[in-house]
Amino acid sequence: MNTLELVAPTTQELIAAGLQLPIMEAFYTIQGEGRFTGHPAYFIRLGGCDVGCVWCDVKDSWEAAKWPVLSIEKIVEDALAFPGRLAVITGGEPLMYNLGPLTKLLKEKGFTTNIETSGAHPFSGDFDWVCFSPKKFKKPHPSIYVEADELKVVIYNKSDFDFAEDHAKLVNSDCELRLQPEWSKAAKFTPEIIEYVKNHPTWKISLQTHKFMDIP
Ligand code: SF4
């Protein structure tokens, strides 16, 4: 007698397929940075990051195994509990995962999809807006450059201006260019960024307005 044994996929296989994802936190707030500043948005923060920025303000996100793994159906169901239909996928480094299935489901349910990424892994997913924030600590994957709608470079020290210009040469010509002072260095660098943008008007300033508003 032939027996057909059905083996359920493991959690690791479901994560690899993008059908389940480790979620550090998810919350409804106001987008504080970049092009969508001021928009109500549901943030989905995925656990896991291998970039290692020294000034990272979400170091807790780095270890993916610390966070519960949820199905994409549950993630989207939770998002639907709030009235806003802008979803921002962030991390951690969200492109460590296959974001195709999650973004497909979000869009089916009427969400506009945004991502905030360092671009350190191959691009995946169906996004209406891609905010690319490259980091010196891990080189971006080449697939990000054609996808980026916004290049947002965090200014932590003086050499970051050159780093920003190097990446501006690689993105599409209609990509919006923004410089953002790193929060702990804002007092030092904001005046320099103001002068830089005045002298290099292809750039705009991005501020972490949610920190001024004291919201997540
Ligand atoms: S890429 Fe983002 S989450 Fe990862 S270390 Fe840098 S700031 Fe932190």
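Residues numbered from 1 in each chain as written. Predicted model: local features only at pLDDT ≥ 70, side-chain atom pairs only at ≥ 80, totals over all residues. Heavy atoms only, no water.

## Digging into the pattern of salt bridges
(1) Moving on: Scanning all chains against the criterion turns up 15 salt bridges.
(2) Moving on: For aspartate 78, the salt bridge goes to lysine 74, with nearest N and O atoms at 2.8 Å. Of this pair, aspartate 78 and lysine 74 both sit in helix α2 (residues 72-79), four residues apart, which is roughly one turn of the helix.
(3) Moving on: For aspartate 78, a relative accessible area of 24% translates into the label partly exposed.
(4) Moving on: Overall, the relative accessible area of 35% leaves lysine 74 in the partly exposed class.
(5) Moving on: Of the charged contacts, one joins lysine 136 and aspartate 160 as a salt bridge, the two residues approaching to 2.6 Å between their closest N and O atoms. Pair noted here: lysine 136 is in the loop between β6 (129-132) and β7 (150-155) and aspartate 160 is in helix α4 (residues 160-168), with a separation of 24 residues, a long-range link.
(6) Moving on: A relative accessible area of 40% places lysine 136 in the partly exposed class.
(7) Moving on: Taking the relative accessible area as the measure of exposure, aspartate 160 reaches 5% and is therefore buried.
(8) Moving on: If you follow the salt bridges from partner to partner, you end up with Arg35, Glu150, Glu176 and Arg178 in one network. (Salt bridge = Lys/Arg side-chain N within 4 Å of Asp/Glu carboxyl O. Helix = DSSP H or I, 4+ residues; strand = E, 2+ residues; numbered from the N terminus. Buried < 20%, exposed > 50% of the residue type's maximum accessible area, 1.4 Å probe, protein only.)

## Some thoughts on the UniProt feature "binding site: substrate" (unreviewed entry) in the protein
(1) Moving on: The feature "binding site: substrate" (unreviewed entry), as annotated in UniProt, sits at Ile30, Gln31, Gly32, Arg45, Thr90 and Pro216 in this numbering.
(2) Moving on: The exposure class assigned to isoleucine 30 is partly exposed, which follows from its relative accessible area of 29%.
(3) Moving on: Beyond its immediate chain neighbours, meaning those up to four positions away, isoleucine 30 contacts Gly38, His39, Pro40, His210, Met213 and Ile215.
(4) Moving on: Here threonine 90 is to be found in strand β4 (residues 86-90).
(5) Moving on: Residues contacting threonine 90, with those up to four places away along its chain left out, are Phe43, Ile44, Arg45, Leu46 and Glu116. (UniProt positions renumbered as here; feature names shortened; annotations may be inferred. Contact = heavy atoms within 4.5 Å.)

## Digging into the nonpolar core
(1) Moving on: Core analysis: the largest hydrophobic core is formed by 43 residues, its most contacted members being Leu99, Leu179 and Trp203.
(2) Moving on: For leucine 99, the residues in contact, after removing those within four places along its chain, are Leu21, Leu46, Ile89, Pro94, Ile115, Ser124, Gly125 and Phe127.
(3) Moving on: Ranked by size, the runner-up nonpolar core spans seven residues in total, among them Phe27, Phe36, Ala41 and Phe43. (Core = buried A, V, L, I, M, F, W, Y, C linked by side-chain atoms within 4.5 Å.)

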